[in-house]
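Examination of the molecular architecture
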There are 2 protein chains.
Amino acid sequence: MKTTVKSDIEIAQKSTMKPIVEIANKVGLGEDDLELFGKYKAKISNEALVKIKTKDSGKIILVTSINPTPAGEGKSTITVGLGDAFNRIGKKVMIAMREPSLGPTMGIKGGATGGGYSQVLPMEDINLHFTGDLHAITTANNALAALLDNHIQQGNELQIDQRQIVWKRAVDLNDRVLRKVIIGLGGPLQGVPREDGFDITVASEIMAVLCLASDLKDLKLRLSRMVIAYNYKKEPVTVGDLGVEGALTLILKEAVKPNLVQTIEHTPALVHGGPFANIAHGCNSVIATLTASKLADYVITEAGFGADLGAEKFLHIKSRSAGIKPEAVVIVATIRALKMHGGVPKAELSQENIPALTLGFANLQKHIETIKSFGLPIVVAINKFITDTDQEVNTLLEWCNRENVPAVLTEVWEKGGEGGIELAEMLLKVIEEEENKFYPLYDISDSIDKKVRIIVQKVYGGKDVEFSQKAKKQLIEFEQFGWSNLAVCMAKSQYSLSDDPTKLGRPVDFTVTVREFKPSIGAGFIVALTGEVMTMPGLPKKPAALNMDVDENGNAIGLF
Amino acid sequence: MKTTVKSDIEIAQKSTMKPIVEIANKVGLGEDDLELFGKYKAKISNEALVKIKTKDSGKIILVTSINPTPAGEGKSTITVGLGDAFNRIGKKVMIAMREPSLGPTMGIKGGATGGGYSQVLPMEDINLHFTGDLHAITTANNALAALLDNHIQQGNELQIDQRQIVWKRAVDLNDRVLRKVIIGLGGPLQGVPREDGFDITVASEIMAVLCLASDLKDLKLRLSRMVIAYNYKKEPVTVGDLGVEGALTLILKEAVKPNLVQTIEHTPALVHGGPFANIAHGCNSVIATLTASKLADYVITEAGFGADLGAEKFLHIKSRSAGIKPEAVVIVATIRALKMHGGVPKAELSQENIPALTLGFANLQKHIETIKSFGLPIVVAINKFITDTDQEVNTLLEWCNRENVPAVLTEVWEKGGEGGIELAEMLLKVIEEEENKFYPLYDISDSIDKKVRIIVQKVYGGKDVEFSQKAKKQLIEFEQFGWSNLAVCMAKSQYSLSDDPTKLGRPVDFTVTVREFKPSIGAGFIVALTGEVMTMPGLPKKPAALNMDVDENGNAIGLF
């Protein structure tokens, strides 16, 4: 047992990395297949990506979770630890996960590179600029905005209605004052004044497009389809109409290549792309996941928020777009989060509370039912926290047993891959023994409102869907524009199965209201907005930035 | 003779680069001293920067020019070609130059990596994201803005007057609609509404700070000194008051390391930093120049715009800050540009015109006098264009001879280093033979208005300076804030020696009006604004972006 708990950055900085060329060798890549970023990060070259396309595909395992709570679930930590566990039991494995946004890093302590002894490295770099992917996306996003406003300023040949520009600007920061702005002030030489707003970069459609593109050619095609405004005839205006899809592709040509790094235990990991899981689909890039599946026999990947958002979108959007069939799904739960779903406030989570825990099972149960309804094998992974009592853990394990769902306690935060070996072995067993009859819950040819209804009823367990007058009107327009055959991307509170974040556990008999639709034609989905969706976070009263610094050797201080 | 003229990108893409590790070896650096970015770009590690600090310094040669005209002077081309020429005659040489901004690249055809057979490579990468330095600066600039507005939103402990915030946001793009904006709209949850604006990243004070910092520690100190606003008592509020200099340094810790690349002829070049030459000092980073001087016997470096702006600032600001004494100055001139200074419109420049050329000498003459007044040896480099006639070239050479200034025709655009050997040899001769008694034209302890007056009279050849009421009031305030002992950074039209861009040649008897001062306390200078200074360019009617694309192998198309 450890006597003192080390912070994630302490553990990360004390870990010894191997040169990334060695890590690449493990999965059959040579130095020539890499574009190095220092000694411990690399992009995989276009030539290598083409070369491996014809190889057989490995098995993909999706990690998802119950509805997140402020108690924390540790989905990224399990993803990393599970990869290390596969590595330890001698399997050729790669991890495919999202890259973090700088905004939250500067705001609230906490990263997206795992935790404890289950982290991807170099965590400092990954959490700061990494290989510049997010900067390239910000730049492409804002170059498009500048080119659009310049088009209007220079005569507006496309007859763009400046009251109906839907393309927003972006920064990869939490900056609430940029949510609603007025631009173009100062007279005729400074452009045409209009309302505008900034999203955080990960909410840009370009991030979703980059993550769903199969290659550079598909990236350009998707970029050209993005709707940026409507003209005076109320017809959509696209990037292709503006003629700048080539320039945007040029700006993104490096960002689209997946980034290779390693875990603390030297398991190879592709960390690439990170779209929001509400306004977008919340999964790392298709290119990274498919590349990992060509290079390894097992791929551990994750999807954002709980199974109602992340897994649903992975299975309906990413899987369909990329032709991926996952072999099994891990649902991560913690005793603490289940107790919150059972009604315990955060301050009291350290106390044993079997009745609340038992009440909280309902949330886990719904997600198990959902994944089963997709025809996929499941294992429940309990992410151990220090405050969990044996009785609590046993109560959960027994409940899973009664529900006939394999479940296992994992200790990857404290023990790295060793703490996930049982989980890895259980997964191998269910993949071997259980039938996988994966199918989507809706047909892509279903109408948009039918697709929304199916998700609400089958995935959320809701009774019905209400569409606002605006949403109804949009459905008619979208039909005319030929957008009905696209996937649906739900933007809903991550905290509840319903659209009301205060309804924890397993709410029933609820109706979800779709306020508005947002077409993401480049990504290939229609976003259904339920309630307010925050696409530009704010900073807290004491931002994490206040404690950040660099020591005399150039190492990060206070990053986590 | 070539029968067809190749474009810069064609020449660049057909050149074969050597691995950057080989280039580094030429100047005594090993692979461990580098942080690779692919095979052909690298940052020099902190450890290496520390290791070389005690080495002897090589000789620094500054490349500047006459006042620029739309005809083009090719200062970067001469800088690169001269480096290659030193290399060809067996000298250990490094080039130190600025890195380009993406904004102009997307706007108007033309890069900042030299031209013809005198280019730094890989030009595509350098002109796009390069090693991410500009993205880091944009991010630090905007993180500071977000932290500042968040401070106000969260109670405004520092009592910042939101009408007097001087810190602007930044994008590395030409985006005129962001010049004047209103932010924080939408109600109390979206922050405090106020006027704001965006500069292009290269105009951010952080760019100037990064370029003048001697190391990471000095970078943090300079960042902490930057004035971002005034409080209700009209006192300056700094980054240090906000307590975020550590976070900004963390964001910039990689960007501050110089970038090593190579020329077409494999001469090592450090391409690092690129501040505006009007609102800032327009030179590559001090760290890059000093690093080059430790690694090589000769350093070829340049400064932005003409000698009245770039060289004056190099000699008064950068040299003083870094303790640099240049050995000699190259003044670049072209026959075409001199004819424009002599009154010929751009459309008629291809015709021989000896009288106009002779009239245009006056501009060159003033710059020669200025550099001589700094006590520095000079060589005039004539950058040859295809349309120059022998008689024009001879007329210029004879005039220089009469003026007793060494001058030489260079053909580096067409011939690479070979076309600059005569220039290199002439430089070696003047360094050897001529006395160098370098001294600044003003004392740093002179008052700000005296410093401005000295620059206007001795460097521009003007009669006097007028200060607006606002500027006069600021001079009194700055005295109170203790800012009088800083250098002066002139923001003036680059096209004329005066503050009137239409006055070409050598205007006399003019008065320069200082409209306003802008304190750049982190950089260590007070900017004197004469006339309107554009810190956010716009895009033209047909931006270069419209012709950009990527081919099926991922190579840039239409970049230049």
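Residues numbered from 1 in each chain as written. Chains lettered and ligands numbered in written order. Predicted model: local features only at pLDDT ≥ 70, side-chain atom pairs only at ≥ 80, totals over all residues. Heavy atoms only, no water.

As annotated in an unreviewed UniProt entry, chain A carries the name Formate--tetrahydrofolate ligase and is attributed to Neobacillus ginsengisoli. Here chain A is described in UniProt, under the heading Pathway (unreviewed entry), as follows: "One-carbon metabolism; tetrahydrofolate interconversion." Listed under Catalytic activity (unreviewed entry) in UniProt, the entry text for chain A is "(6S)-5,6,7,8-tetrahydrofolate + formate + ATP = (6R)-10-formyltetrahydrofolate + ADP + phosphate". (UniProt positions renumbered as here; feature names shortened; annotations may be inferred.)

Quick word on the overall build of chain A
Check the secondary structure of chain A and you find 20 helices and 26 strands. Computed over C-alpha atoms, the radius of gyration of chain A comes to 23 Å, within 12% of the 24 Å expected from 2.2 N^0.38 for 560 residues, which places it in the range of a compact globule. Each of the three principal axes of chain A carries a C-alpha extent, and together these read 70 × 55 × 50 Å. Summarising the internal contacts of chain A: among those between residues at least 6 apart in sequence, 75% fall at separations of at least 24. Looking at chain A as shown, the accessible area adds up to about 19800 Å², and 50% of this sits on carbon and sulfur atoms. (Helix = DSSP H or I, 4+ residues; strand = E, 2+ residues; numbered from the N terminus. Rg over C-alpha atoms; globule rule 2.2 N^0.38 Å. Contact = heavy atoms within 4.5 Å. Areas by Shrake-Rupley, 256 points an atom, 1.4 Å probe, with all protein chains shown as cover.)

Comments concerning the interface of chain A and chain B
With 71 residues of chain A in contact, the opposing surface of chain B contributes 71 residues. Interface area, chain A with chain B, both sides summed: about 5700 Å², of which 63% is carbon and sulfur. When the area that chain A buries against chain B is broken down by residue, the three leading residues are Arg176(A), Val177(A) and Leu250(A), summing to 11%. Summed over the shared surface of chain A and chain B, the result is six salt bridges. Lys220(A) is paired through a salt bridge with Asp549(B); the nearest N and O atoms lie 2.8 Å apart. (Buried area = accessible area lost by both parts, 1.4 Å probe. Salt bridge = Lys/Arg side-chain N within 4 Å of Asp/Glu carboxyl O.)

Digging into the pattern of salt bridges
A full pass over the atoms with the stated rule returns 56 salt bridges over all chains. As a salt-bridge pair, Glu516(A) and Arg515(A) come within 3.6 Å of each other at their nearest N and O atoms. Glu516(A) sits in the partly exposed class, given a relative accessible area of 22%. Given the relative accessible area of 30%, Arg515(A) is considered partly exposed. It is possible to trace a salt-bridge network through shared partners that takes in Glu35(A), Lys253(A), Glu254(A), Lys257(A) and Glu124(B). (Buried < 20%, exposed > 50% of the residue type's maximum accessible area, 1.4 Å probe, protein only.)

Quick look at the side chain of Thr113(B)
All names here are of chain B. In this structure, Thr113 sits in the loop between helix H5 (102–107) and strand S5 (114–115). Looking at Thr113, its side chain comes within polar contact range of the side chain of Asn127, at 3.3 Å. For Thr113, the residues in contact, after removing those within four places along its chain, are Met97, Pro100, Ser118, Gln119, Val120, Met123, Ile126 and Asn127. (Polar contact = N/O pair within 3.5 Å; in protein donor to acceptor, adjacent residues only side chain to side chain.)

Re the UniProt feature "binding site: ATP" (unreviewed entry) in chain A
All names here are of chain A. Under the present numbering, the feature "binding site: ATP" (unreviewed entry) in UniProt falls on Thr69, Pro70, Ala71, Gly72, Glu73, Gly74, Lys75 and Ser76. Among the secondary structure elements, Thr69 is positioned in the loop between strand S3 (59–65) and helix H4 (75–88). With sequence-adjacent residues up to four places away left out, Thr69 is seen in contact with Ala337, Met340 and His341. Checked against the element boundaries, Ala71 lands in the loop between S3 and H4. Take Ala71: its relative accessible area is 9%, and that puts it in the buried class. Other than its neighbours up to four places away in sequence, Ala71 contacts Arg336, Ala337, Met340, Leu349 and Phe385.

Some details on the side chain of Thr105(B)
Residue and element names in this part refer to chain B. Structurally, Thr105 is set in helix H5. Owing to a relative accessible area of 2%, Thr105 belongs among the buried residues under this scheme. A polar side-chain atom of Thr105 sits 3.1 Å from the main-chain carbonyl oxygen of Ser101.

Thoughts on the packing of aromatic side chains
Each aromatic ring pair is specified by the distance between its two centres and by the angle formed by the two planes. Counting across every chain of the model gives 18 aromatic pairs over all chains. Relative to Tyr298(B), the ring of Phe86(B) lies with its centre 5.0 Å away and its plane at 35 degrees, an arrangement referred to as tilted. In this pair, Phe86(B) is assigned in helix H4 (residues 75–88) and Tyr298(B) in strand S16 (residues 298–302), connecting sequence segments 212 residues apart. On the basis of relative accessibility, which here comes to 12%, the residue Tyr298(B) falls in the buried class. An aromatic cluster of three or more residues is present, and its members are Tyr230(A), Phe467(A), Phe478(A), Phe481(A), Trp483(A) and Phe517(A). For the cation-ring pair, Lys492(A) lies above Tyr460(A), with the distance from its terminal atom to the ring centre recorded as 4.6 Å. (Phe/Tyr/Trp six-rings, centres within 6.5 Å; stacked < 30°, edge-to-face > 60°. Lys NZ or Arg CZ within 6 Å of the ring centre and 35° of its normal.)

Some thoughts on the sheet that holds strand S13 (residues 236–238) of chain A
Residue and element names in this part refer to chain A. Here we have three strands laid out as an open sheet, ordered S7-S12-S13, and antiparallel in their pairing. A strand with exactly one partner marks an edge of an open sheet, and here the two such strands are strand S7 (160–165) and S13. Here the strands of the sheet are splayed against their neighbours by 50 degrees on average, with no regard to which way each runs. Across three bridges, strand S12 (residues 227–231) lies against S13 in antiparallel orientation. Residue pairing for S13: Val227 is matched across the bridge by Thr238. (Pairing = 2+ DSSP bridges. Axes fitted to C-alpha atoms, helices over the stretch in contact; angles between N-to-C directions.)

A few points about the relation of the copies chain A and chain B
Of the transformation superimposing chain A on chain B, the axial component is 0.0 Å and the angular component is 180 degrees, with the fit at an RMSD of 0.0 Å. Between the two chains, the operation in question is that of a two-fold axis. The fraction of interface residues of chain A whose copies in chain B are also interface residues reaches 100%, indicating that both copies meet through the same surface. (Least-squares fit on C-alpha atoms with pLDDT ≥ 70 in both.)

Notes on the pairing of strand S21 (residues 487–491) of chain B
Residue and element names in this part refer to chain B. Burial runs high along S21: five of the five residues are buried. Of the two faces of S21, the one lined by Ala487, Cys489 and Ala491 and the one lined by Val488 and Met490 are each fully buried. Two strands pair when backbone bridges link them, and S21 and strand S24 (residues 525–529) are joined in this way by five bridges, in the parallel orientation. Counted as the bridge partner of Val488 is Ile526 from S24.

Re the state of the cysteines
Cysteine pairs can be linked by a disulfide, which is a covalent bond between their two sulfur atoms. All names here are of chain B. Counting across every chain of the model gives zero disulfides over all chains. Cys211 takes part in no disulfide bond, and the closest cysteine sulfur to it belongs to Cys283, at a distance of 8.4 Å. Here Cys211 falls in the buried class, since its relative accessible area comes to 0%. Left without a disulfide partner, Cys489 is nearest to the cysteine sulfur of Cys283, which lies 9.4 Å away. (Disulfide = S-S within 2.5 Å.)

A short note on helix H19 (residues 448–460) of chain B
All names here are of chain B. Here H19 is 13 residues long and its end C-alpha atoms lie 17 Å apart, about the 18 Å a rise of 1.5 Å per residue gives. Turning to H19, its buried residues are Ile448, Lys451, Val452, Ile454, Ile455, Val456, Val459 and Tyr460. Following H19 by one or two positions, Gly461 adopts a phi angle in the positive range, close to 75 degrees. (Expected span 1.5 Å × (residues − 1).)

Here's the deal with the packing of helix H13 (residues 307–322) of chain B against H19(B)
All names here are of chain B. Orientation of H13 relative to H19, taken along the N-to-C sense of each, is 120 degrees, at an axis distance of 11 Å. The angle between the axes of H13 and H19 places the two elements in the oblique class. Like other packed secondary-structure pairs, H13 and H19 cross with a definite hand, here right-handed. Between H13 and H19, the contacting residues are Asp308, Leu309 and Glu312 on the first element and Ile455, Val459 and Tyr460 on the second. Per-class residue counts for the contact of H13 with H19 are four nonpolar, no polar and two charged. (Parallel < 35°, antiparallel > 145°, perpendicular 65-115°, else oblique. Left-handed = near helix turned anticlockwise from the far one by under 90°. Nonpolar A, V, L, I, M, F, W, Y, C, P; charged D, E, K, R; others polar.)

Focus on the sheet that holds strand S7 (residues 160–165) of chain B
All names here are of chain B. One open sheet holds the three strands; their spatial order is S7-S12-S13, and the pairing between them is antiparallel. Because the sheet does not close on itself, it has two edges, and the strands there are S7 and strand S13 (236–238). When the angles between neighbouring strand axes are averaged without regard to direction, this sheet yields 50 degrees. In this structure, S7 lies alongside strand S12 (residues 227–231), joined through two bridges in antiparallel fashion. Bridging across to S12, Ile165 finds its partner in Ala229. The strands touched by helix H7 (residues 133–153) within the sheet are S7 and S12, with S7 carrying the most contacts at an inclination of about 135 degrees.

What about the nonpolar core?
Core analysis: the biggest nonpolar cluster contains 327 residues, and Val452(A), Phe517(A), Val452(B) and Phe517(B) have the highest contact counts within it. The residues contacting Val452(B), other than those within four sequence positions of it, are Val465(B), Phe467(B), Val488(B), Met490(B), Val514(B), Phe517(B) and Ala528(B). Ranked by size, the runner-up nonpolar core spans 31 residues in total, among them Ala85(A), Ile300(A), Ala328(A) and Leu428(A). (Core = buried A, V, L, I, M, F, W, Y, C linked by side-chain atoms within 4.5 Å.)

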